[in-house]
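Structure assessment
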Amino acid sequence: MLRFCAVLYLMLLVACTPAVPATPTALLPIGDVQIITPQTGSILYSPTLYISGTAVNVPASGFILRAISADDAVIAEITIVPDGENWSVELTHTRPTEPTEITLYALPVGDVVGDYDVVSIVLSLEDERPEGTFGMILAPFENDEMGGDVIPVYGTASGLFENTLIVVLEQPDGTLIQEQVITVNNPGIIDEVPWTAEIPTDDYTGAAVIRAYYQDANTGEKITIASVKVMLVFAAG
């Protein structure tokens, strides 16, 4: 439940944070920098903070990557000069003694207003992590009524073999309607990270189940980590 609340809180926090308007004479960031890993909503148990992303048309001086705690303390900072469009780094920092919200900023170098990208995560301890492989479906909710050609599904997962997750839409008796194989972006494996899927409905209407599962690497057994019942009330026409 704590993980669920933390994920929703981080998503709402980022969505509701207003952008700082630039003054007419302010220098704006040049180029574009995106933080791809980790994603907003991730709970990181790994001992190192691995961060990666893309950078296009940034100045020769590069950009600043800064990690700030909830009390506005800078816990790590580094200037990155990308060699090409892809970049990655492992930041050295002090591990928290309890789960702590961290905000990652990709910032321009110099007297420039604004930022390139912002990601909110939670740093936790490996001792706080549930055992094994686990996850949840955050949306849709249980008994939601839905319709259309495609059902968007959002969730989290941790510990998947080869970071592979299968999300299926099926009838209550288990008859398959559609499925999607997802590669979860989780270099740390043990971290809990968001995933998304879009499952075609194939014009099916009625009661249905959305189920997320993985296959055991040794036995091939299909192990469900989360499922929700939904009602498909209409199809696009």
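Residue indices follow the written sequence of each chain, beginning from 1 at its first position. A pLDDT threshold of at least 70 governs which residues receive local features in this predicted model, and a stricter bar of 80 or more applies before side-chain atom pairs are shown or counted, although totals over entire chains, interfaces and linings include all residues. Hydrogens are left out, water is left out, and the side-chain values use all remaining heavy atoms of the structure.

Right, let's get into the overall build of the protein. Think of it this way: any DSSP run of H or I at least four residues long counts as a helix, any run of E at least two long counts as a strand, and we number them from the N terminus. Within the protein, the secondary structure is distributed over 1 helix and 16 strands. Only protein chains enter the accessibility calculation, which uses a 1.4 Å probe; a residue is then buried when its area is under 20% of its type maximum, exposed when over 50%, and partly exposed in between. Counting every position in the protein, which comprises 237 residues, the buried fraction comes to 42%. Residue contacts follow a heavy-atom distance rule, with two residues in contact if any of their heavy atoms lie within 4.5 Å. A separation of at least 24 residues holds for 66% of the contacts in the protein among residues at least 6 apart in sequence. Summed over its atoms, the accessible surface of the protein is roughly 12,600 Å², and 53% of this surface lies on carbon and sulfur atoms. Surface accessibility in these figures is a Shrake-Rupley result with a 1.4 Å probe; residues are shielded only by whichever protein chains are displayed.

The next point concerns the confidence of the model for the protein. Low-confidence regions, as indicated by low pLDDT, have predicted coordinates that should not be scrutinised in detail. Overall, the predicted model of the protein reaches an average pLDDT of 88, with 86% of residues at or above 70. pLDDT expresses how confident the predictor is about each individual residue, on a scale running from 0 to 100. Contacts for the low-pLDDT stretch residues 7-23, under 50 throughout, to residues beyond four places or in other chains number 20 contacts.

The next subject is the side chain of Arg211. With respect to the helices and strands, Arg211 occurs in strand 15 (residues 206-215). In this view, Arg211 contacts Ile166, Val167, Val168, Glu170, Thr224, Ala226 and Ser227; residues no more than four positions away in its chain are not counted.

The criterion for strand pairing is that DSSP finds at least two bridges linking the strands in question. Examined bridge by bridge, strand 1 (residues 32-37) and strand 3 (residues 49-56) share 5 bridges and lie antiparallel to one another. Bridged to Thr37 within strand 3 is Ser52. Inspection of the sheet shows strand 3 paired to strand 6 (residues 86-91) by 6 bridges, in the antiparallel sense. In the sheet register, Leu49 faces strand 6, and the bridge partner there is Leu91.

On to a nonpolar patch on the surface. Residues qualify for a patch when their relative accessible area is over 30% and they have no salt bridge, like charges being joined within 9 Å and the nonpolar side chains of Val, Leu, Ile, Met, Phe, Trp and Tyr within 5 Å. Here a salt bridge means any side-chain nitrogen of Lys or Arg lying within 4 Å of a carboxyl oxygen belonging to Asp or Glu. Together, Met231, Val233 and Phe234 make up an exposed nonpolar region whose accessible area comes to about 260 Å². The residue Val233 is located in strand 16 (residues 222-234) in this model. Given a relative accessible area of 39%, Val233 falls into the partly exposed group.

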